[in-house]
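Structure at a glance
Here is what each chain is made of, one letter per residue.
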Amino acid sequence: MNPQYQDIAAAFVQSYYLHFDDNEKRQTMASFYDEETSLMSFEGQNLLGRKKIMEKLSSLTFQKIAHSITKVDCQPMFDGGVLVCVLGQLKTDEDPPHTFSQTFVLKPYNEGFYVQHDVFRIAVHDAL
Amino acid sequence: MNPLYQDIAAAFVQSYYLHFDDNEKRSTMASFYDEETSLMSFEGQNLLGRSKIMEKLNCLTFQKIAHSITKVDCQPMFDGGVLVCVLGQLKTDDDPPHTFSQTFVLKPYNEGFYVQHDVFRIAVHDAA
């Protein structure tokens, strides 16, 4: 287990959303993901590998987006990886803010980490 | 990777909340967790190992609880495990419903799975 898992998680979360929330930086996020082994679930759509993931990130239809982080939970994994669970709110264009939940599994790679698993959901419940 | 990961996730989610939402069954949930390697984050409180986790689950202060599942996302992990992300609402006693987010990492054990990682958050944001 990596004893610095909390620092790793904090640094990752800051970097991920800094990139995501900037329309130009978002296009450079390929380095977060592995060519073959990264898995993303984006609002229920499953994408395997860097190429498909970047296609998705490059095709999102908002003009601007801002994530605001409420809580980050992280746990060390037994292979040196880190489980990171983010709760927050996001705002796209002029829409009202929505709660979102995002889970990452970071895996060690060279001297850093890459995103092996990425699961993103907006919290919208069916009306009872 | 386990090709049955979706069935595994669905069966697990059903069983987990069926147990959790019943005051008697919740006390029997020790078998979901490993003595030494299970990690739980419960609203930011970190607990390691079955004993500490069950202490927590046995001391929750509501009279009744009901989880309602909105979405389950799952991904196969490279060691045969399953990442399970649950979004839903929960209601305790006579309180209004709250959105919750819970992430599990299931690991193979004998002919089944156990919960190696469990991260639970209620979605409450600081007032902007």
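Quantities reported herein were computed from a predicted structural model and do not represent experimental measurements.

Residues and elements named next belong to chain A. In terms of burial, strand β6 (residues 112-122) is a largely internal element, nine of the eleven residues being buried. Here strand β1 (residues 39-42) runs beside β6; their pairing, made up of four bridges, is parallel. Across the sheet, the residue bridging to Leu39 is His117, located in β6. Sheet topology note: the strand β5 (residues 98-109)/β6 ladder contains ten bridges and is antiparallel. Bridging from a neighbouring strand, Tyr109 pairs with Gly112 of β6.

Taken together, the contacts link 31 residues of chain A with 31 residues of chain B. Here chain A and chain B share two salt bridges between them. Where Asp73 of chain A meets Arg121 of chain B, a salt bridge forms, and the shortest distance between an N and an O atom there is 2.7 Å. Counting across the interface, chain A meets chain B through twelve residue pairs in polar contact (both at pLDDT 80 or more). Counting residues per element, the side of chain A that touches chain B draws most heavily on β6 of chain A, which supplies six residues. Of the residues belonging to the side of chain A that touches chain B, the class tally is 14 nonpolar, 13 polar and four charged.

Residue and element names in this part refer to chain A. With respect to topology, six strands assemble into an open sheet ordered β2-β1-β6-β5-β4-β3, the strand pairing being mixed. Two strands lie at the open edges of the sheet, namely β2 (45-48) and β3 (65-76), each paired on one side alone. The sheet shows a mean angle of 20 degrees between the axes of neighbouring strands, direction not considered. Packing of helix α1 (residues 5-20) onto the sheet brings it into contact with β1, β3, β4 (82-92), β5 and β6, and relative to β3 it is tilted by some 160 degrees. Contacting β1 and β2, helix α3 (residues 50-58) runs over the sheet at an angle of about 130 degrees to β2.

For the rest of this paragraph, the subject is the UniProt feature "domain: NTF2" (unreviewed entry) in chain B. Feature annotation in UniProt assigns "domain: NTF2" (unreviewed entry) to the following positions: residues 8-122 of chain B. Taken as a whole, residues 8-122 of chain B contains 23% helix and 47% strand, while its terminal C-alpha atoms sit 25 Å from one another.

To continue, consider the pairing of β1 of chain A. Looking along a regular strand, one sees side chains alternate from face to face of the sheet. All names here are of chain A. Judged by which residues are buried, β1 turns out to be covered on both faces: Leu39 and Ser41 on one side and Met40 and Phe42 on the other are all buried. In this structure, β1 lies alongside β2, joined through four bridges in antiparallel fashion. Paired with Met40 across the two strands is Leu47, which belongs to β2. Connecting β1 to the antiparallel partner β2 that follows it, the hairpin turn spans two residues, and Glu43 within it adopts a positive phi of roughly 50 degrees.

Counted according to the given criterion, the structure contains nine salt bridges over all chains. Put simply, Asp73 of chain B and Arg121 of chain A hold a salt bridge, and the shortest N to O gap is 2.7 Å. In this pair, Asp73 of chain B sits in strand β3 (residues 65-76) while Arg121 of chain A sits in strand β6, so the two residues belong to two different chains. The exposure classification of Asp73 of chain B matches that of Arg121 of chain A, with both residues buried.

Rules used throughout
- Position numbers for residues count from 1 along each chain, tracking the sequence in the order it is written.
- Each chain takes a letter, starting from A, and each ligand takes a number, starting from 1, following the order in which they are written.
- Predicted model: local features are reported for residues with pLDDT of at least 70 only, side-chain atom pairs are reported and counted for 80 or more only, and whole-chain, interface and lining totals are derived from all residues.
- In computing side-chain properties, one takes all heavy atoms of the structure into account and sets aside hydrogens as well as water.
- Note on classification: 1.4 Å probe, protein chains only; a residue is buried when its accessible area is under 20% of the maximum for its type, exposed when over 50%, partly exposed between these limits.
- Where helices and strands are cited, they refer to DSSP runs of H or I of at least four residues and of E of at least two residues respectively, numbered from the N terminus.
- Two strands form a pair only when DSSP identifies at least two bridges running between them.
- Only heavy atoms matter for contacts: two residues are in contact if any of them lie within 4.5 Å across the pair.
- Salt bridges are defined by distance alone: a side-chain nitrogen of Lys or Arg within 4 Å of a carboxyl oxygen of Asp or Glu.
- N or O atoms closer than or at 3.5 Å make up a polar contact, with two conditions inside protein: a donor-capable atom paired with an acceptor-capable one, and, for residues adjacent in sequence, both atoms drawn from side chains.
- Basically, the charged four are Asp, Glu, Lys and Arg, the nonpolar ten are Ala, Val, Leu, Ile, Met, Phe, Trp, Tyr, Cys and Pro, and anything else, Gly included, counts as polar.
- Axis angles are defined between N-to-C directions and span 0 to 180 degrees, where every axis is a line fitted to C-alpha atoms and, for a helix, only to the segment in contact.
- UniProt positions are given in the numbering used here, feature names are shortened, and annotations may be inferred rather than shown by experiment.

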